[in-house]
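Here is how the chains run, residue by residue.
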Amino acid sequence: MLFKTLILLAGTAAVGHAAPSPQGPSADGIPRDVLTQIPSWGPNPTNLQLHLYAPSTLTGKPSIILALHGCFGTGPGHAAMTQGFQTLSSSRNFVVLYPSSINDNNCWDVASLSSLTRDGGGDSTGLATIVRWASTTFNADPKRVFITGSSSGCMMSNVMASAYPDLFSAVSCYSGVPAGCLAGSPGSSPISADQTCANGGIRKTGEEWAAVVKAMAPLPEGKGKGKGKGREWKYPKVQTWHGDNDFFVNYFHNFEEQLKQWGTIHEVEFTRNETSVPVPGYTKMVYGDGTKLVGYSASGVGHVVPQHEVVDLEWFGI
Ligand SMILES: *[C@@H]1O[C@H](CO)[C@@H](O)[C@H](O)[C@H]1NC(C)=O
């Protein structure tokens, strides 16, 4: 097998293509096929922790998935709740990152100006640093870096997509709120936060929500300077899940406000419902042609919507 691979590599290299290469068990010193704690990766302004899972079969330019736990959670705990990612990481060639917040009841900071600002020095900056470190370490495909999260992790996924749209190609998030919904709250946890957002009390127009997204990251330096061209971010496509029996993070308004937010960013409107997708009791809400924005409404499901890893990977395109 190894011999064949080497032959293949030699052949590929001879015609000048980027050769996919097995990365070896730990050229980078990181153990494979096991959840591993990483002691350091660079600047870490908010004392995040990091575990990751990398399969021993990684080849070429793998994908990266950043998976964020909910409040009171941890990276390893979330890994146990999203086991499908580890199982599928080998055949789909990706590394999954499981950071932990150890502040504010282990919630992600989705409230302070520093976290709601690109490179503002908050949790979002720390997570961006983790993603960049992992992309370099594993020689990842920059077009195949994705984010997912549950509850507080979904709230943070929406923040990361807003503050670092250049880092992520797609979002799949579960039981969260729109990006910036907790702006100005004294904290981000059920204990520390202003509950108005979680209770569904923050409502804005699509344009207002889009402005909140855009305020988190200044426009990039682009080509066609001076003509206003190439100066818009390309935002990741968004898929968001919510259970209609969620009495913790108000279903109706937070789900709807998120769909309004990303619908405006992606300039798509509700097109149709597909019932019993991906499983009975769930409704897939398609926006536009379904390539930029999708909602999954889970009937009778509470705050914890189980992670649908296979659907997530399909959305990510890996
Ligand atoms: C689509 O499904 C959602 C969730 O079940 C529901 O709230 C909404 O009314 C449906 N829309 C249409 C047009 O049927």
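Calculation notes
Residues numbered from 1 in each chain as written. Predicted model: local features only at pLDDT ≥ 70, side-chain atom pairs only at ≥ 80, totals over all residues. Heavy atoms only, no water. Salt bridge = Lys/Arg side-chain N within 4 Å of Asp/Glu carboxyl O. Helix = DSSP H or I, 4+ residues; strand = E, 2+ residues; numbered from the N terminus. Buried < 20%, exposed > 50% of the residue type's maximum accessible area, 1.4 Å probe, protein only. Disulfide = S-S within 2.5 Å. Pairing = 2+ DSSP bridges. Contact = heavy atoms within 4.5 Å. Axes fitted to C-alpha atoms, helices over the stretch in contact; angles between N-to-C directions. Core = buried A, V, L, I, M, F, W, Y, C linked by side-chain atoms within 4.5 Å. pLDDT = per-residue confidence, 0-100.

So, on to the pattern of salt bridges. Tallying each qualifying case throughout the model produces five salt bridges. Here arginine 118 makes a salt bridge to aspartate 166, at a shortest N to O gap of 2.8 Å. A residue pair is termed long-range when its members are at least 10 positions apart, and arginine 118 in the loop between strand 4 (94-100) and helix 4 (123-137) and aspartate 166 in the loop between helix 5 (152-163) and strand 6 (170-174) qualify at 48 residues. The exposure class assigned to arginine 118 is buried, which follows from its relative accessible area of 18%. On the basis of relative accessible area, aspartate 166 is assigned to the partly exposed category, the value being 38%.

Before going further, it helps to examine the state of the cysteines. Summed over all chains, the structure comprises three disulfides. Across the disulfide from cysteine 154 sits cysteine 173; the S-S distance is 2.2 Å. A residue pair is termed long-range when its members are at least 10 positions apart, and cysteine 154 in helix 5 and cysteine 173 in strand 6 qualify at 19 residues. In terms of burial, cysteine 154 and cysteine 173 fall into one category: buried. A disulfide bridge connects cysteine 181 with cysteine 197, and the sulfur atoms are separated by 2.1 Å. Residues cysteine 181 and cysteine 197 share a disulfide whose torsion about the S-S bond is about 115°; that sign makes it right-handed. Taken together, the positions of cysteine 181 in the loop between strand 6 and helix 6 (206-215) and cysteine 197 in the loop between strand 6 and helix 6 put the pair 16 residues apart, joining distant regions of the chain. In this structure cysteine 181 comes out as buried when scored by relative accessible area, which is 5%. If you count the bonded cysteines of the chain from the N-terminus, they pair up as 1-2, 3-4, 5-6.

Let us now look at the sheet that holds strand 1 (residues 36-37). If you walk across this open sheet you meet the ten strands as 1-2-4-3-5-6-7-10-9-8, and the pairing is mixed. What marks the edges here is a single partner per strand, and that holds for strand 1 and strand 8 (270-275). The pairing of strand 9 (residues 282-287) with strand 10 (residues 293-298) spans six bridges and is antiparallel. For threonine 283, the partnering residue across the bridge sits in strand 10 and is serine 297. Along the sheet, helix 3 (residues 83-92) contacts strand 2 (49-53), strand 3 (63-68), strand 4 and strand 5 (145-150); its crossing angle with strand 4, the most-contacted strand, is approximately 150°. Running at roughly 170° to strand 7 (residues 237-243), helix 7 (residues 251-266) makes contact with strand 6, strand 7, strand 9 and strand 10 of the sheet.

A separate point is the nonpolar core. The biggest cluster of nonpolar side chains holds 63 residues, and the ones touching the most others in it are Leu52, Leu97, Leu127 and Phe168. With seven residues, the single largest contributor to this core is helix 5. By size, the runner-up hydrophobic cluster in this structure holds 24 residues, among which are Ala79, Tyr98, Tyr174 and Val305.

This brings us to helix 8 (residues 309-316). With six of eight residues buried, helix 8 lies mostly within the body of the structure. When helix 8 is considered as a whole, its buried residues turn out to be Glu309, Val311, Asp312, Leu313, Trp315 and Phe316.

Before going further, it helps to spend a moment on the confidence of the model for the chain. Per-residue pLDDT for the chain averages 91, and the proportion of residues at 70 or more is 89%. Contacts of residues 1-21 to residues separated by more than four positions or lying in other chains number 13 contacts, the stretch itself having pLDDT below 50.

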